[in-house]
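A look at the structure
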Amino acid sequence: MALVEIPGSKSLTARALFLAAAADGVTTLQRPLRSDDTEGFAEGLTRLGYRVGRTPDAWQIDGRPQGPALAEAEVYCRDGATTARFLPALAAAGHGVYRFDASPQMRRRPLLPLTRALRDLGVDLRHEEAEGHHPLTVRAAGVEGGEVVLDAGQSSQYLTALLLLGPLTRTGLRITVTDLVSAPYVDITLAMMRAFGAQVDRERNTYVVAPGGYQATTYAIEPDASTASYFFAAAAVTGGEVTVPGLGAGALQGDLGFVDVLRRMGARVDVGADRTTVAGTGELRGLTVNMRDISDTMPTLAAIAPFASGPVRIEDVANTRVKECDRLEACAENLRRMGVRVDTGPDWIEIVPGAAPVGADVKTFGDHRIVMSFAVTGLRVPGISFDDPGCVRKTFPGFHEAFAELHV
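Below, the structure is looked at part by part. Being a predicted model, the structure only gives us computed values, none of them experimental.

Attention now goes to the sheet that holds strand S8 (residues 124-127). Pairing in this open sheet of four strands is mixed, and the strands run S6-S7-S9-S8 from one edge to the other. In this open sheet, the two strands that pair with only one neighbour each are strand S6 (72-76) and S8. Sheet twist, expressed as the mean angle between neighbouring strand axes with direction ignored, is 15°. Of the pairings in the sheet, the one linking strand S7 (residues 95-101) to strand S9 (residues 136-141) comprises six bridges and is antiparallel in character. Considered in S9, the bridge of Phe100 is made with Leu136. The strands touched by helix H5 (residues 112-120) within the sheet are S8 and S9, with S8 carrying the most contacts at an inclination of about 150°.

With that out of the way, let us pick up the sheet that holds strand S12 (residues 200-203). Sheet architecture is open: four strands sit in the order S10-S11-S13-S12, paired in mixed fashion. The sheet is open, and its two borders are formed by strand S10 (146-152) and S12, each paired with just one other strand. Here the average twist between neighbouring strands, direction ignored, is 20°. Of the strand pairs in this sheet, S12 and strand S13 (residues 206-209) are connected by four bridges, and their pairing is antiparallel. Looking at S13, one finds that Glu203 is bridged to Thr206. Lying on the sheet, helix H7 (residues 183-195) is in contact with strand S11 (173-180), S12 and S13; it crosses S12 at an angle near 145°.

Right, let's talk about the pairing of strand S19 (residues 287-290) for a bit. Of the two faces of S19, only one is covered, namely that formed by Leu287 and Val289; the face formed by Thr288 and Asn290 stays uncovered. Of the pairings in the sheet, the one linking S19 to strand S20 (residues 312-315) comprises four bridges and is parallel in character. Following the sheet pairing, Asn290 is matched in S20 by Glu315. In this fold, the crossover linking S19 to S20 by way of helix H10 (residues 298-304) has right-handed handedness.

Burial of the side chains of strand S22 (residues 349-352) extends over both faces: Ile349 and Ile351 are buried on one face and Glu350 and Val352 on the other. Pairing geometry for S20 and S22, over three bridges, is antiparallel. Bridge pairing in S22 links Ile314 to Ile349. The turn linking strand S21 (residues 341-344) back onto S22 is made up of four residues.

Considering the arrangement of structural elements, one finds Thr377 in helix H12 (residues 368-377). In this structure the C-alpha to C-alpha distance between Thr377 and Thr300, which are 77 residues apart in sequence, comes to 9.1 Å. Leaving out residues up to four positions away in the same chain, Thr377 has contacts with Ala303, Phe307 and Met338.

So, on to the packing of aromatic side chains. Counted under the stated rule, the structure contains seven aromatic pairs. Centroid distance Phe41 to Phe86: 6.5 Å. Interplanar angle 70°. Geometry classified as edge-to-face. Here Phe41, found in helix H2 (residues 36-47), pairs with Phe86, found in helix H3 (residues 81-92); they are 45 residues apart in sequence, far enough to count as distant. When the ring of Phe231 is compared with that of Phe403, the centres are 5.4 Å apart and the planes differ by 65°; the resulting orientation is edge-to-face. Of this pair, Phe231 sits in helix H8 (residues 225-238) while Phe403 sits in helix H13 (residues 399-404), and the two are 172 residues apart along the sequence. As far as the burial class goes, Phe231 and Phe403 line up, both buried. Each residue in the set Tyr230, Phe231, Phe396, Phe399 and Phe403 is aromatic and connected to the rest through ring pairs, giving one cluster. Looking at Arg54, its charged tip hangs above the ring of Trp59, at a distance of 5.8 Å from the centre. The ring of Trp348 is capped by Arg313, whose NZ or CZ atom sits 4.1 Å from the centre of that ring.

Take the packing of H5 against helix H6 (residues 157-165) next. A pair of packed helices is captured by two measures, namely the crossing angle of their axes and the spacing between those axes. One way to put it is that H5 packs onto H6 with a least axis distance of 8 Å and a crossing angle of 30°. The pairing of H5 with H6 is recorded here as roughly parallel in orientation. By crossing handedness, the relation of H5 to H6 is classed as right-handed. Residues Pro113, Leu114, Ala117 and Leu118 of H5 form the contact with H6, whose participating residues are Tyr158, Ala161, Leu162 and Leu165. Taken together, the residues of the contact of H5 with H6 sort by class into eight nonpolar, no polar and no charged.

Positionally, Ile61 belongs in strand S5 (residues 58-62). As a C-alpha pair, Ile61 and Glu43 span 18 residues in sequence and 12 Å in three-dimensional space. Apart from the residues within four sequence positions on either side, Ile61 is in contact with Leu17, Ala20, Ala21, Gly25, Val26, Thr27, Leu29, Arg51 and Val52.

On to H2, then. Because an α-helix packs 3.6 residues into every turn, residues spaced three or four apart end up facing the same way. Here H2 is 12 residues long and its end C-alpha atoms lie 16 Å apart, about the 16 Å a rise of 1.5 Å per residue gives. Among the residues of H2, those classed as buried are Asp37, Thr38, Glu39, Gly40, Phe41, Ala42, Gly44 and Leu45. Packing partners of the buried residues in H2 comprise helix H1 (10-22), strand S4 (51-54), S5, S6 and H3. Trailing H2 by a residue or two, Gly49 shows a phi angle of about 105°, which is positive.

As a further point, take the pattern of salt bridges. Pairs can form between side chains of opposite charge whenever their charged atoms are close. In total, this model carries 32 salt bridges according to the counting rule given. Here Lys323 ties to Asp296 by a salt bridge, and the two come within 3.5 Å at their closest N and O atoms. With Lys323 in the loop between S20 and helix H11 (327-337) and Asp296 in the loop between S19 and H10, this pair connects stretches of sequence that are 27 residues apart. Comparing Lys323 with Asp296, the two get one shared label, buried. A salt bridge links Glu324 to Arg327; the nearest nitrogen and oxygen atoms lie 2.6 Å apart. Exposure class is identical for Glu324 and Arg327. Each is buried. Several salt bridges converge on common partners, so that one network encompasses Lys10, Asp37, Arg109, Asp296, Lys323, Glu324, Arg327, Asp367 and Lys394.

Criteria and cut-off values
- Residues numbered from 1 in each chain as written.
- Predicted model: local features only at pLDDT ≥ 70, side-chain atom pairs only at ≥ 80, totals over all residues.
- Heavy atoms only, no water.
- Pairing = 2+ DSSP bridges.
- Helix = DSSP H or I, 4+ residues; strand = E, 2+ residues; numbered from the N terminus.
- Axes fitted to C-alpha atoms, helices over the stretch in contact; angles between N-to-C directions.
- Contact = heavy atoms within 4.5 Å.
- Buried < 20%, exposed > 50% of the residue type's maximum accessible area, 1.4 Å probe, protein only.
- Right-handed = clockwise from strand over helix to strand, strands pointing away.
- Phe/Tyr/Trp six-rings, centres within 6.5 Å; stacked < 30°, edge-to-face > 60°.
- Lys NZ or Arg CZ within 6 Å of the ring centre and 35° of its normal.
- Parallel < 35°, antiparallel > 145°, perpendicular 65-115°, else oblique.
- Left-handed = near helix turned anticlockwise from the far one by under 90°.
- Nonpolar A, V, L, I, M, F, W, Y, C, P; charged D, E, K, R; others polar.
- Expected span 1.5 Å × (residues − 1).
- Salt bridge = Lys/Arg side-chain N within 4 Å of Asp/Glu carboxyl O.

Shown next as structure tokens:
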């Protein structure tokens, strides 16, 4: 049995950094993820004038409920979607002029539903080049609050950004959502907001956030469930066994639901109170699965689908086309390079197992999840290589070393 220590959750670390910065007092984050995305978020806070102290196992943030300490700042969001979407909302609650830009990859990713909602709330926000994309400038004068309608069908991060902003407004927020993808990520947001003292309720498709701010706390970051999916998948395709401590029945992250997909395919799964174990059984059945709520693990399933006994069809994953790359087409292209039959549609991909896949140079498109997913394929297919293996630094800089040590 392999016992795998997974780094902290990227999603939880980003939300915790926002909450800590907005809270009244000094917050300690235990075991935060240290990666390009989270370091970029912390750097963004520093650029806005927040104090962020970092040690190997904990970060301390001096909260400023009144907003950024600086009246003017420029923030480079790197490739980080949470940085690029959450920090403009945080800055809007302050007073000053704040400019945000990002990498070419992040500039391509959409922002318009969020920035339109912020404008509806009275925020002076201007896109400098393409409408709905970085770079943008926020001329902040605080946010009064009120009611807003949001389409979060492309990304749940739009809703999370507004929810996190809610307690910082003067009168609170009522957010009515017309469409929502990756709903479990919103559940993470709500749980974490409450842990920092906020009052937030849900009435069907409307979220009601009370004003009143946040209170500093000590918050432990659980291991990243999306990252754990590669190690669980490795066990399923090799017949080995992997246990991840710190992820169990009480985990906040919906992506732990990926193990239920593996169970349906024939793997043995045991979800305990504080750990999860997956063991391969030598059987990997085909299936049709809706992955709308756990779409970050779609590439993981696509990468192991060629080893199934029948077709694997993944549905309702249109939002994966607007991630770091078009993940649906990236998976299809790389599987075809390996000789695997693949069909795709606007929001689905179907992989049909046949002859054994052959080695190929995986085109990563600079996407960390493409690399980590097809590393699992490489456990069964000799000759897999990557044109940009280093892009895993976005969420797991030590991935290749950890995966090489995996004995399954």
